[in-house]
Amino acid sequence: MTRIALNTVASLARRHALLTAACTLCAVSVGAQAQTAAQGYPNRPVRVIVGFPAGTGPDIVARLLAQKLSEGWGNMGVIVDNKPGAGGLIAASEAARAAPDGYTLMLGETGQLSIAPSSYNKLPYDPAKDFAAVSQVVSADFVLLVNPQKVPAKNVKEFVSWTQQQKGLFMATFGAGTPGHFGAFMFGDAVKLKPEAVHYKNTGDALGGLFSGDVQGVFASVGLAAPNVKAGKLVALGSTGATRTGALPDVPTIKEQGYSNLEFSSWFGIVAPSKVPADILAKLSADIQKAVKSPDLKAKLEESGFRVTGTSREEFARTIAADTVTWGKAVAATGFKAD
């Protein structure tokens, strides 16, 4: 081999070595920066968007979680930002477009992430592509409520028998496309009745319809139902969970009353814009799991009628995907479309 050729080979070898070293240093630098970003997160207040009004189940969960996270982050501050409207779609649309830096999160719920893909022909966001699951915080059973001044029933069978003698079964919902809406149809299938859904804008209006007698029943979250039941204003005929709820331990499940195929619940969990760095998502998930399983926050959530879950990112993602299939079947059975 000539001297020129040898010099060329040597030069190429040196370039290759320098390039390899540079790439290695670059990778180390990027890794260090990512690690530093996760270790320094958060260094300013974090915003949690909630798609429902103050005082509702999602709002209660978000505020309790925000307080605990803020304490764990050196009182950095976690701001709950209520963006109600369109069954949570307004909030989800804003959260999906937020900067993927971990400083804007959303407390998502079943309707926004697992029901909406089937009930809307066109969504302003894609739950599967626009969001990254962080942690499911709680699950929530529903309770079938009736007004004892209007409906003479103490259990589900008495309610069904009474309803069969009426002109129809009118069920209130807290909005079209919500779990309570499709839960009413699932109930109708289980008891061989065809309910007429009456959609209200908020929980207060729906309960008003129940008190006035405009509707005969409503599936309300345990957190909303418990105070009214304990005060004697409304009667709980049955709950929709696999087991009885701790907030109303004397109320049997609907399954216990002979309707074995009727079980459904909702959940609330933190999601983030999909392009948030994985290390920040991992830190968020770990911090949330630690927060919700702390004795004080766990007790407060359970007192409010929720079942504490505090899942990993992977578990929450699987739940969202599985429930998208389950609720999709319920939506298809009703033929409902929100747009």
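Relevant structure appears above.
First, a word on what this report is: a plain description of the structure on this page. (Residues numbered from 1 in each chain as written. Predicted model: local features only at pLDDT ≥ 70, side-chain atom pairs only at ≥ 80, totals over all residues. Heavy atoms only, no water.)

### Details of the overall build of the chain
Tallying secondary structure elements over the chain gives 12 helices and 10 strands in all. Expressed as a percentage of the 339 residues in the chain, the buried residues total 49%. Put simply, of all contacts in the chain between residues at least 6 apart along the chain, 78% involve residues at least 24 apart. For the chain, the exposed area adds up to about 16000 Å²; of that, 56% sits on carbon and sulfur atoms. (Helix = DSSP H or I, 4+ residues; strand = E, 2+ residues; numbered from the N terminus. Buried < 20%, exposed > 50% of the residue type's maximum accessible area, 1.4 Å probe, protein only. Contact = heavy atoms within 4.5 Å. Areas by Shrake-Rupley, 256 points an atom, 1.4 Å probe, with all protein chains shown as cover.)

### Describing the pairing of strand β5 (residues 169-173)
The element β5 is extensively covered by neighbouring structure, given that four of its five residues are classed as buried. For β5 and strand β6 (residues 195-199), the ladder comprises five bridges, and the chain directions are parallel. Bridge pairing in β6 links T173 to H199. In this view, the connection linking β5 to its parallel neighbour β6 by way of helix α7 (residues 179-191) has right-handed handedness. (Pairing = 2+ DSSP bridges. Right-handed = clockwise from strand over helix to strand, strands pointing away.)

### Considerations on the environment of A190
When you line up the elements, A190 lands in helix α7. Owing to a relative accessible area of 12%, A190 belongs among the buried residues under this scheme. In this structure the C-alpha to C-alpha distance between A190 and N261, which are 71 residues apart in sequence, comes to 6.8 Å.

### Brief notes about the nonpolar core
Ranked by internal contacts, the top residues of the largest apolar core, which has 35 residues, are V61, L65, L107, V137, I270 and I288. Elements with a minimum of two residues in this core: β1 (46-50), α2 (57-72), β2 (78-82), β3 (104-109), β4 (131-146), β9 (265-273), α10 (278-292) and α11 (295-303). Excluding residues within four positions of it along the chain, L65 makes contact with V137, I270, I288, A291, V292 and L297. Membership of the second largest hydrophobic core comes to 29 residues, among which are L169, F182, F264 and W327. (Core = buried A, V, L, I, M, F, W, Y, C linked by side-chain atoms within 4.5 Å.)

### Brief notes about α10
With 15 residues, α10 extends 21 Å between its outermost C-alpha atoms, agreeing within 8% with the 21 Å of an ideal straight helix rising 1.5 Å per residue. Taken together, the buried positions of α10 are occupied by I280, L281, L284, S285, I288, A291 and V292. Buried residues of α10, viewed axially, fall in a sector of 135°; they line one side. Away from the buried face of α10 by more than 90 degrees, exposed residues A278 and K290 are located. (Expected span 1.5 Å × (residues − 1). Arc of directions from axis to C-beta.)

### Observations concerning the side chain of T178
Positionally, T178 belongs in the loop between β5 and α7. On the basis of relative accessibility, which here comes to 16%, the residue T178 falls in the buried class. If we ignore the near neighbours within four places in the chain, the residues touching T178 are I115 and T173.

### Here's the deal with the environment of V143
Looking at where V143 falls in the secondary structure, it is placed in strand β4. By relative accessible area, V143 is classed as buried at 0%. In this structure, V143 is in contact with V218, F219, A220, V222, A225, A236, G238, S239 and L248, ignoring residues within four places of it in sequence.

### Re the environment of T319
On the secondary structure map, T319 appears in helix α12 (residues 313-334). With 52 residues separating them along the chain, T319 and W267 place their C-alpha atoms 9.5 Å apart. The residues contacting T319, other than those within four sequence positions of it, are Q136 and W267.

### Digging into the packing of aromatic side chains
Throughout the structure, instances matching the rule amount to 11 aromatic pairs. Ring geometry for F264 versus W327: centroids 6.2 Å apart, planes at 80°, classification edge-to-face. A residue pair is termed long-range when its members are at least 10 positions apart, and F264 in the loop between β8 (235-239) and β9 and W327 in helix α12 qualify at 63 residues. An identical accessibility class is assigned to F264 and W327; each is buried. (Phe/Tyr/Trp six-rings, centres within 6.5 Å; stacked < 30°, edge-to-face > 60°.)

### Details of helix α9 (residues 222-230)
V222, A225, A226, N228 and V229 are the residues of α9 that are buried. Close packing links the buried residues of α9 with β4, α8 (203-212), β7 (217-221) and β8. Positive phi appears at G232, one or two residues downstream of α9, with a value of about 80°.

### Structural notes on the pattern of salt bridges
Under the counting rule described, the total for this entry stands at 12 salt bridges. Residue D141 is joined to R307 by a salt bridge in which the shortest nitrogen-to-oxygen separation is 2.7 Å. Here D141 is found in strand β4, whereas its partner R307 is found in strand β10 (residues 307-308), with 166 residues between them in sequence. Take D141: its relative accessible area is 5%, and that puts it in the buried class. In this structure R307 comes out as partly exposed when scored by relative accessible area, which is 28%. A salt bridge links K298 to E302, with the shortest nitrogen-to-oxygen separation between them at 2.7 Å. A residue pair is termed a helical-turn pair when its members lie 3 or 4 positions apart in one helix, as K298 and E302 do in helix α11 at four residues. According to the relative accessible area criterion, K298 is partly exposed, its value standing at 33%. Taken together, the salt bridges that share partners define one network made up of R47, D81, K83 and E94. (Salt bridge = Lys/Arg side-chain N within 4 Å of Asp/Glu carboxyl O.)

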